[in-house]
Number of protein chains: 2
Amino acid sequence: MKRHFDDELADLKQRILRMGALVEAQIRQALSALVDRDDLVANQVIQNDRQVNTMDVEIDEICLELLALHQPAARDLRFVTMAMKITTELERMSDLAENICECAIELHAEPQLKPYIDIPLMAERAIKMVGEALNAFVREDSVLARQVLNEDDYVDDLNEQIFRDLLSFMMENPHTISGAIRLLFVSKAIERIADHATNVAELVVYMVEGKIIRHMISP
Amino acid sequence: MKRHFDDELADLKQRILRMGALVEAQIRQALSALVDRDDLVANQVIQNDRQVNTMDVEIDEICLELLALHQPAARDLRFVTMAMKITTELERMSDLAENICECAIELHAEPQLKPYIDIPLMAERAIKMVGEALNAFVREDSVLARQVLNEDDYVDDLNEQIFRDLLSFMMENPHTISGAIRLLFVSKAIERIADHATNVAELVVYMVEGKIIRHMISP
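Reading the values: the criteria
Per-chain numbering applies: the sequence of each chain, read as written, is numbered from 1 onward. Here chains are named by letter from A upward and ligands by number from 1 upward, in the order in which they appear as written. Thresholds applied to this predicted model are a pLDDT of at least 70 for local features of residues and 80 or more for the giving and counting of side-chain atom pairs; totals over whole chains, interfaces and linings are not thresholded and use all residues. The side-chain values count all of the structure's non-hydrogen atoms but skip hydrogen atoms and water molecules. Put simply, DSSP marks the helices as runs of H or I at least four residues long and the strands as runs of E at least two long, and each gets a number from the N terminus on. Only protein chains enter the accessibility calculation, which uses a 1.4 Å probe; a residue is then buried when its area is under 20% of its type maximum, exposed when over 50%, and partly exposed in between. In what follows, residue pairs with any heavy atoms lying within 4.5 Å of each other are defined as contacts. Buried area is understood as the total, over both parts, of accessible area removed when two parts are fitted together, assessed with a 1.4 Å probe. Here, a salt bridge means any Lys or Arg side-chain nitrogen found within 4 Å of an Asp or Glu carboxyl oxygen. In protein, a polar contact means a hydrogen-donor-capable atom and an acceptor-capable atom, both N or O and within 3.5 Å, with residues adjacent in sequence counting only if both atoms are side-chain atoms; elsewhere, any N or O pair within 3.5 Å suffices. Each residue gets one label: Ala, Val, Leu, Ile, Met, Phe, Trp, Tyr, Cys and Pro are nonpolar, Asp, Glu, Lys and Arg are charged, and the others, such as Gly, are polar. Copies overlap after least-squares fitting; the atoms used are the C-alpha atoms of residues with pLDDT of at least 70 in both. A helix is expected to span 1.5 Å for every residue after the first.

Draft legend 1. Highlighting the environment of leucine 144 of chain A. All names here are of chain A. With respect to the helices, strands and loops of the structure, leucine 144 is situated in helix 5 (residues 142-172). By relative accessible area, which is 12% here, leucine 144 ends up buried. Each C-alpha atom of the pair leucine 144 and alanine 133 lies 7.5 Å from the other, and the pair is eleven residues apart in sequence. When residues no more than four places from it in sequence are discounted, the contact partners of leucine 144 are Glu132, Asn135, Ala136 and Arg139.

Written out as structure tokens, the structure is:
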């Protein structure tokens, strides 16, 4: 029985990793769609969100089955319940990738305001955080998870800077307002992706250490 | 043993309701802070967010203890695991109330752009959705939960309308841009509160019917 349960836990972990890999790809492609002004890619990301949703539901069902059949305790119990929370975070990231693509498609209808520099930079950091949070999860590494928490400030600062830049841009050229606001939404969506990565990292710390740190470390 | 477990479930439900009531009050006060231009109330809401966070952590710990000690099955298992997800949704709503207050404080530093009409209207609807979702949870009423899902479109439409209004406002008077963008963020935050209420309603349907409807009904 125990062996069997371990196999199922390993399978669950693999499924979460596959979902995480797809979500990472979604975010990466959303940025490509924006930067390359590629509606085809944008629509692809919007389509793929369904696959992420299906994975979310499947993983929840597997977790409930594991809880009902094996009644895990201590760390295993934390693993399964945190898995249910982690997939919610991943699913929300995919929603945000979809939102970025919707903004991208609207932006492509107008000439590009200016070259995108800070937004891709910020997105790179957010994607790195997502990858690290998932690595921390698979390796059950709370040290790495805590590193992710520290990176969130950098993304927040970049978002603030982008906000100020776009604001002065709009004030100088009021005809850019509509486009600049879309970019503001994109920037905010990336910041929220980083927040979700932070949430995953906090859940990993709890899973490994049994210590709830959310609402404590993050400002 | 069974009687004891039922008591603990009833206690858990009470705690979630208390947390829900506090979150509802947070959202309501955030709107008062905005409309009445009252920084004192805004700072109060920001302070109270800590209390919501504490409740979130406490409820999670109680749920894990219930799972470990009583190993519930079927509907009870769904109740406890969905409780863990519902409190996350509530906690995020409180974060958004806090965000609204931060915007409100910034807005109070400048003269008011225009009377607030649509934003309080939208907030009322969002708060109603939160209250109904919590009622559906406490009554284990999936019919009421499904009603909540239908109301989200109205809030989304209002948000779209506010967006368009603010956009034309900014284009006509570029010196209003900074304030109008804060209002845009407030409107978006309310829309997200309604989204979280929708999430709670979907979790209630699952809790009652054992049927995962998220990613299916909502657009």
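Draft legend 2. Molecular detail of the interface of chain A and chain B. The interface of chain A with chain B comprises 36 residues on the first partner and 36 residues on the second. Approximately 3400 Å² of surface area, both sides summed, lies buried where chain A meets chain B, with 68% of it carried by carbon and sulfur atoms. The interface formed by chain A and chain B contains four salt bridges. The partner of lysine 85 of chain A in a salt bridge is aspartate 60 of chain B, and the shortest N-O contact between them spans 3.0 Å. Taken together, the links from chain A to chain B amount to eight residue pairs in polar contact (both at pLDDT 80 or more). Among the secondary structure elements, those contributing two or more residues to the side of chain A that touches chain B are helix 2 (39-70), helix 3 (74-108), helix 5 and helix 6 (177-209) of chain A. No other element matches helix 6 of chain A, which puts ten residues into the side of chain A that touches chain B. Looking at side-chain class alone, the side of chain A that touches chain B contains 18 nonpolar, eight polar and ten charged residues.

Draft legend 3. Layout of the relation of the copies chain A and chain B. Superposition record for chain A on chain B: RMSD 0.0 Å, screw rotation 180 degrees, translation along axis 0.0 Å. On the angle and the small slide along the axis, the relation comes out as a two-fold axis. Mapped onto chain B, 100% of the interface residues of chain A again fall at the interface, so both copies present the same surface.

Draft legend 4. Quick peek at helix 3 (residues 74-108) of chain B. Between its first and last C-alpha, helix 3 of chain B extends 51 Å over 35 residues, near the 51 Å set by a 1.5 Å rise per residue. The buried fraction of helix 3 of chain B amounts to 27 of the 35 residues, a majority that puts the element mostly inside the structure.

The quantities given are spatial measurements derived from coordinates; they are silent on function.
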